[in-house]
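Residue-level structural notes
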Amino acid sequence: MNKQVKMGFPPVFDKNSKVLILGSFPSVKSREISFYYGHKQNRFWKTIAEIFQEELPLDTQGKKEFLLRRKIALWDMVVECEIKGSADSSVKNPKVADLSLIFSQAQIQKILLNGTLSFTLFEKYYSSCKIPYYKMPSTSPANPRFDQRIWREAFNDLR
């Protein structure tokens, strides 16, 4: 199977966003539905909904409204790359997100990096960032060491 250049999604944020969550790159399932964390086994939406004690948003519009209502910005570190399937390990020639787009319009106070690739790229390209940032356990179904408590603690100041 040949690798093809794939495009990510635009960020979700507004001027009120305080927490920026950065994933790596959309999975095959996410690309099929054209929105973040589309794989039914990914723990992202379930975890975030439980943290805020809300019903799980079912459609893209509901998910966007949920994020904005909770002052959460969402994007991926990789906006374009060559990839085979969904594995972060197969990402080649990544084009990294220009986070100044969000930083110039929102008062981001904390950055949560969903998984190793996101964290590694952030440290490589944004090591001078003054906003506190944290490597989070990946919500991917491929991560057997997921710990929801770490995510819950990261949102203590927003709940």
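Everything numeric here is computed off the predicted structure, so don't read it as measured data.

Now for the overall build of the chain. Summing up its helical and strand segments, the chain has 6 helices and 7 strands in all. Taken over the C-alpha trace, the chain has a radius of gyration of 15 Å; the compact-globule value for 159 residues is 15 Å, and the two agree within 12%. Taken over the C-alpha atoms alone, the chain extends approximately 45 × 35 × 30 Å along its principal axes. In the chain, buried positions account for 46% of the 159 residues.

Our focus in this paragraph is helix α3 (residues 60-69). Of all the residues in α3, the buried ones are Gly62, Lys63, Phe66 and Leu67. Looking down the long axis of α3, one finds its buried residues gathered within 135 degrees of arc, a one-sided arrangement. Where the residues of α3 are buried, they touch α2 (44-51) and β3 (72-76). Note on α3: the residue one or two positions beyond its end, Lys71, has a positive phi of about 60 degrees.

Judged by pairing direction, the sheet is parallel, and its 4 strands sit side by side in the order β3-β2-β6-β7 without closing on themselves. The open sheet has two edge strands with one neighbour each: β3 and β7 (133-136). Across the sheet, the mean angle separating the axes of adjacent strands is 20 degrees when strand polarity is ignored. Pairing of strand β2 (residues 19-23) with strand β6 (residues 110-114), which is carried by 4 bridges, proceeds in the parallel orientation. Each residue of the ladder has a partner; that of Val19, found in β6, is Lys110. Contacts from α2 reach β2, β3 and β6 within the one sheet, and its direction differs from that of β3 by about 165 degrees.

Turning our attention to the pattern of salt bridges. Tallied over the entire structure, the rule returns 5 salt bridges. Ionic pairing is found between Glu54 and Arg69, a salt bridge with its closest N-O pair at 2.4 Å. In this pair, Glu54 sits in the loop between α2 and α3 while Arg69 sits in helix α3, placing the two residues 15 residues apart along the sequence.

Turning next to the nonpolar core. In terms of nonpolar packing, the biggest core is built from 49 residues, with Ile21, Trp151 and Phe155 touching the most fellow members. Sorting the residues of this core by element identifies β2, α2, α3, β3, β4 (78-83), β6, α5 (116-125) and α6 (148-154) as the ones contributing at least two each. The residues contacting Ile21, other than those within four sequence positions of it, are Phe44, Ile48, Ile72, Ala73, Leu74, Trp75, Leu112, Trp151 and Phe155.

Before going further, it helps to spend a moment on the side chain of Ser24. By the secondary structure assignment, Ser24 is in the loop between β2 and α1 (28-33). Look at Ser24 and you get buried, because its relative accessible area is 8%. Separated by 2.8 Å, the side chains of Ser24 and Asp88 make a polar contact.

Another aspect to go through is the packing of α2 against α3. Relative placement of two packed helices is described by the angle separating their axes and the distance separating the axes. As a packed pair, α2 and α3 sit with axes 12 Å apart at the nearest point and diverge in direction by 45 degrees. With respect to α3, the axis of α2 lies oblique. Classified by chirality, the crossing of α3 by α2 is left-handed. Of the residues in α3, those in contact with Trp45, Ile48 and Ala49 of α2 are Lys63, Phe66 and Leu67. Class assignment for the residues of the contact of α2 with α3 results in 5 nonpolar, no polar and 1 charged.

Let's shift gears to the sheet that holds β4. Strand order in the open sheet formed by 3 strands is β1-β4-β5, and the pairing between neighbours is antiparallel. Lying at the two open borders of the sheet, with one neighbouring strand each, are β1 (4-7) and β5 (92-96). Here the average twist between neighbouring strands, direction ignored, is 15 degrees. Sheet topology places β4 next to β5; 3 bridges connect them, and they run antiparallel.

Parameters and conventions
Residues numbered from 1 in each chain as written. Predicted model: local features only at pLDDT ≥ 70, side-chain atom pairs only at ≥ 80, totals over all residues. Heavy atoms only, no water. Helix = DSSP H or I, 4+ residues; strand = E, 2+ residues; numbered from the N terminus. Rg over C-alpha atoms; globule rule 2.2 N^0.38 Å. Buried < 20%, exposed > 50% of the residue type's maximum accessible area, 1.4 Å probe, protein only. Arc of directions from axis to C-beta. Contact = heavy atoms within 4.5 Å. Pairing = 2+ DSSP bridges. Axes fitted to C-alpha atoms, helices over the stretch in contact; angles between N-to-C directions. Salt bridge = Lys/Arg side-chain N within 4 Å of Asp/Glu carboxyl O. Core = buried A, V, L, I, M, F, W, Y, C linked by side-chain atoms within 4.5 Å. Polar contact = N/O pair within 3.5 Å; in protein donor to acceptor, adjacent residues only side chain to side chain. Parallel < 35°, antiparallel > 145°, perpendicular 65-115°, else oblique. Left-handed = near helix turned anticlockwise from the far one by under 90°. Nonpolar A, V, L, I, M, F, W, Y, C, P; charged D, E, K, R; others polar.

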